[in-house]
Amino acid sequence: KELKNNEYQTKITFGKDFYNSKDACLKIGFDEYVEIENTVENNNEGMISDEYLINLTIEALENKKKGEKLFYMVETIQNHIPYTIDKYKNYDIEIKESELDEVNNNTLLSYAQGIYESDKQLGRLYDYIKRYEEPTILIFLGDHLPYLYNEKGENVIDKLEYFNSQNELENTFRKYNTQGLILSNYEVEYEETA
């Protein structure tokens, strides 16, 4: 409603329609909902690739009328479970040292490769909007923490010191808080809150 009050066109592109999101998004007033069909051309190891979805985002900005206000939400799906070592054919990263066994390391490596690939695509989109002429804000966030269960059914998070320190409040924060990143192609003023 607030976007409509400010004359924004609203479009949402999903890599997969989880939880009847199409009906929900259209009922709350979004103009357009696009569900991408998984094809050989847009696929990365079984999921719709982040690269493909970033290409669609850039295309939407390029095809937008000058001065038209656009809210464009894209849900990526490439770095979704399962996190098994055979998820990717090639790995750009490696684990150099670990106290975990091979099964747990494989789960973490698969997840980390997905983060690495998402980060590359986010960087590509940010490089694009830095050259884009209209003021643009990019918000990148996760809707939940990863489901890091290994092939034995064990939760790898339970084995990581980062999530299991002596401080229970900090552990809870780390286990259930998702961070966000806000980037823009212009100077944004904001107030920090405690």
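Look up a bit, the structure's there.
Procedures and definitions
- Residues numbered from 1 in each chain as written.
- Predicted model: local features only at pLDDT ≥ 70, side-chain atom pairs only at ≥ 80, totals over all residues.
- Heavy atoms only, no water.
- Helix = DSSP H or I, 4+ residues; strand = E, 2+ residues; numbered from the N terminus.
- Buried < 20%, exposed > 50% of the residue type's maximum accessible area, 1.4 Å probe, protein only.
- Contact = heavy atoms within 4.5 Å.
- Phe/Tyr/Trp six-rings, centres within 6.5 Å; stacked < 30°, edge-to-face > 60°.
- Lys NZ or Arg CZ within 6 Å of the ring centre and 35° of its normal.
- Core = buried A, V, L, I, M, F, W, Y, C linked by side-chain atoms within 4.5 Å.
- Salt bridge = Lys/Arg side-chain N within 4 Å of Asp/Glu carboxyl O.
- Polar contact = N/O pair within 3.5 Å; in protein donor to acceptor, adjacent residues only side chain to side chain.

**Re the overall build of the protein chain**
Secondary structure summary: the protein chain contains five helices and seven strands in total. Helices and strands appear in the protein chain in the N-to-C order α-β-α-β-β-β-α-β-α-β-α-β. Once the C-alpha set of the protein chain is aligned to its principal axes, its extents read approximately 55 × 45 × 35 Å. In the protein chain, buried positions account for 33% of the 194 residues. Summarising the internal contacts of the protein chain: among those between residues at least 6 apart in sequence, 60% fall at separations of at least 24.

**Notes on the packing of aromatic side chains**
Considering all chains together, one arrives at seven aromatic pairs under this definition. Look at tyrosine 128 and tyrosine 132: their rings are 5.7 Å apart centre to centre, the planes differ by 35°, and that puts the pair in the tilted class. Classification of tyrosine 128 by relative accessible area gives buried; the value is 12%. Here tyrosine 132 falls in the buried class, since its relative accessible area comes to 15%. Between the NZ or CZ atom of arginine 174 and the centre of the ring of tyrosine 162, over which it lies, the distance is 3.9 Å.

**Here's the deal with the nonpolar core**
The biggest cluster of nonpolar side chains holds 10 residues, and these are Ile54, Ile58, Leu61, Leu122, Leu125, Tyr128, Ile129, Tyr132, Leu138 and Leu183. Broken down by element, the residue count for this core peaks at four residues, all from helix H4 (residues 102–131). Ignoring sequence-local partners within four residues, the contact set of isoleucine 129 consists of Leu61, Thr136, Leu138, Leu183, Ser184 and Asn185. Ile36, Ala60, Tyr72 and Ile77 belong to the second-largest nonpolar core, a separate cluster that totals eight residues.

**Quick notes on the pattern of salt bridges**
If you walk through the whole model with that rule in mind, you get seven salt bridges. Its salt-bridge partner being lysine 64, residue glutamate 134 comes within 2.9 Å of it at the nearest N-O pair. Highlighted residues: glutamate 134 in the loop between H4 and strand S6 (137–141) and lysine 64 in the loop between helix H3 (50–63) and strand S5 (69–75), separated in sequence by 70 residues. Where lysine 66 meets glutamate 133, a salt bridge forms, and the shortest distance between an N and an O atom there is 3.6 Å. One end of the pair, lysine 66, is in the loop between H3 and S5; the other, glutamate 133, is in the loop between H4 and S6, with 67 residues separating them in the sequence. By relative accessible area, lysine 66 is classed as exposed at 69%.

**What to know about the side chain of lysine 64**
By relative accessible area, which is 12% here, lysine 64 ends up buried. Beyond its immediate stretch of four places on either side in the chain, lysine 64 contacts Leu70, Tyr132 and Glu134.

**Description of the side chain of asparagine 105**
Mapped onto the elements of the fold, asparagine 105 is located in helix H4. For asparagine 105, the side chain forms a polar contact with the side chain of serine 98, separated by 2.8 Å.

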